Amino acid sequence: MIYQILDQSNHAAITELFTSVFTASEGEKEGTLIGKLASELASTIDNDETISVGAFENNTLVGAIFFTRLHFKHAISVYMLAPVAISDEHQGEGIGQALIKSGLNELKKRSVHVAVTYGDPAFYSKVGFQALSENVLQAPQKLSMPFGWLGQSLTSEPIPVINERPMCVKAFNNPVYW
C-alpha cells in the first residue's frame, strides 16, 4: 500500500470512492451527501487549508482522508479530520488506521498543534483520539452527537482551552454534517 498526499487531479477518484463507500454502508441518500462533500473538498485541495491523503494499491485509490484547517482568533494550528473512506473490498485490513496515522504524522511535520474529528469514538480511539468537551475546544457548528467530538494533541502539550467557535472551510458550514 502506498500513502501519499493528494491534489485536485485526484478529484474524480476521490468523489467516486466516497460516494460508493457511503452509499454501500449508509444508503443512497448518505452516499450522495458525502460524495458531494468529498467532491467539494477535493476541488479545494490546496495542501494548506485542505489536505488530503490517499492510499493506493496498484495505482488505484482505495482509501482517502481529508484534513481541513480550523481558524481561531487564538494562535493555534488545528486541523479537523473528516471524512474518511476505505473501499469496501479493503475494509477491515487496517488501511484506515494506517492512512490516518500517515496523515497525523504529516500534520506533526507541519507543526500542527491539535487534530480533531467528529465520528465513532470506538474507531478513532484506535489512532489516538479521545473524547473532547466543547468546553475545551468547540466544533465549528452545533453538534447533534457531542460524544463524537474527539481530539488529540500533536505536541507534548495538552489541548488548550479555547473559548470560541472556530471558522471552518466552506464545505463544512452546512449544519447537515454536524
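Residues numbered from 1 in each chain as written. Predicted model: local features only at pLDDT ≥ 70, side-chain atom pairs only at ≥ 80, totals over all residues. Heavy atoms only, no water.

Asker: Any chance you could break down the overall build of the protein chain for me, citing the residues and the numbers?
Answerer: In terms of regular secondary structure, the protein chain is built from four helices and seven strands. At 15 Å, the protein chain has a C-alpha radius of gyration in line with the 16 Å of a compact globule built from 178 residues. With respect to the principal axes defined by its C-alpha atoms, the protein chain has extents near 45 × 35 × 30 Å. A separation threshold of at least 6 residues defines the contact pool for the protein chain, and within that pool the share at least 24 residues apart is 70%. Carbon and sulfur atoms form 50% of the exposed surface of the protein chain, whose accessible area is close to 8800 Å². Across the protein chain, the centroid of the 12 positively charged side chains sits 8 Å from that of the 18 negatively charged ones. (Helix = DSSP H or I, 4+ residues; strand = E, 2+ residues; numbered from the N terminus. Rg over C-alpha atoms; globule rule 2.2 N^0.38 Å. Contact = heavy atoms within 4.5 Å. Areas by Shrake-Rupley, 256 points an atom, 1.4 Å probe, with all protein chains shown as cover. Lys, Arg positive; Asp, Glu negative; His and termini not counted. Charge placed at Lys NZ, Arg CZ, Asp CG, Glu CD.)

Asker: Could you give an account of the pairing of strand β3 (residues 60-70), naming the residues involved and the relevant values?
Answerer: Successive side chains on a regular strand alternate, one facing one side of the sheet and the next facing the other. Buried residues dominate β3, accounting for ten of its eleven residues. Inspection of the sheet shows β3 paired to strand β4 (residues 78-86) by seven bridges, in the antiparallel sense. Each bridged residue has a counterpart across the sheet, and for Thr 68 the counterpart in β4 is Met 80. (Buried < 20%, exposed > 50% of the residue type's maximum accessible area, 1.4 Å probe, protein only. Pairing = 2+ DSSP bridges.)

Asker: Could you give an account of the pairing of β4, with specific residues and numbers?
Answerer: With respect to burial, β4 is a largely interior element, nine of its nine residues being buried. Sheet topology places β4 next to strand β5 (residues 114-118); four bridges connect them, and they run parallel. Looking at the pairing, Met 80 lines up with Val 116 of β5. The handedness of the β4 to β5 crossover, carried by helix α3 (residues 95-109), is right-handed. (Right-handed = clockwise from strand over helix to strand, strands pointing away.)

Asker: Could you give an account of the side chain of Thr 15, naming the residues involved and the relevant values?
Answerer: Checked against the element boundaries, Thr 15 lands in helix α1 (residues 11-26). Engagement of the side chain of Thr 15 in a polar contact is seen with the backbone oxygen of His 11, the distance being 3.0 Å. Apart from residues no more than four positions distant in its own chain, Thr 15 is found in contact with Gly 35 and Ser 39. (Polar contact = N/O pair within 3.5 Å; in protein donor to acceptor, adjacent residues only side chain to side chain.)

Asker: Pulling in residues and values, what's your account of the packing of aromatic side chains?
Answerer: Going through the model one piece at a time under the given rule, you end up with nine aromatic pairs. When the centroid spacing of 4.9 Å and the interplanar angle of 85° are considered together, the rings of Phe 123 and Tyr 124 count as edge-to-face. Through a chain of ring-to-ring contacts, three or more aromatic side chains come together here, namely Tyr 118, Trp 149, Phe 172, Tyr 177 and Trp 178. (Phe/Tyr/Trp six-rings, centres within 6.5 Å; stacked < 30°, edge-to-face > 60°.)

Asker: Residues and numbers for the nonpolar core, please.
Answerer: Grouped together as the largest cluster of nonpolar side chains are 38 residues, with contacts concentrated most on Ile 14, Phe 18, Val 116, Trp 149, Phe 172 and Trp 178. Of all the elements in the fold, those that place two or more residues in this core are α1, α2 (28-42), β3, β4 and β5. Discounting chain neighbours no more than four positions away, the residues touching Phe 172 are Leu 37, Leu 41, Thr 68, Met 80, Ala 82, Pro 83, Gln 141, Tyr 177 and Trp 178. In this structure, Ile 51, Val 62, Ile 65 and Leu 150 belong to the second largest nonpolar core, which totals 22 residues. (Core = buried A, V, L, I, M, F, W, Y, C linked by side-chain atoms within 4.5 Å.)

Asker: Explain the packing of α1 against α2 to me, and be specific about the residues and the numbers.
Answerer: Relative orientation of the contacting elements α1 and α2 amounts to 160°, with a least axis distance of 7 Å. Between α1 and α2, the interaxial angle falls into the category roughly antiparallel. As α1 packs across α2, the resulting crossing turns out to be right-handed. Residues His 11, Ile 14, Thr 15, Phe 18, Thr 19, Phe 22, Thr 23 and Glu 26 of α1 form the contact with α2, whose own contacting residues are Glu 28, Glu 30, Gly 31, Thr 32, Ile 34, Gly 35, Ala 38, Ser 39 and Ala 42. (Axes fitted to C-alpha atoms, helices over the stretch in contact; angles between N-to-C directions. Parallel < 35°, antiparallel > 145°, perpendicular 65-115°, else oblique. Left-handed = near helix turned anticlockwise from the far one by under 90°.)

Asker: Quick one: what's the story with unusual backbone geometry, residue by residue and with numbers?
Answerer: With an omega of -15°, the peptide bond running from Ala 82 to Pro 83 counts as cis. Along the chain, Pro 83 falls in strand β4. With a phi close to 65°, Asn 47 is a non-glycine residue in the positive phi region. Its location among the elements puts Asn 47 in the loop between α2 and β2 (50-57). Positive phi values are uncommon outside glycine, yet Asn 59 reaches one of about 65°. Tracing the backbone shows Asn 59 in the loop between β2 and β3.

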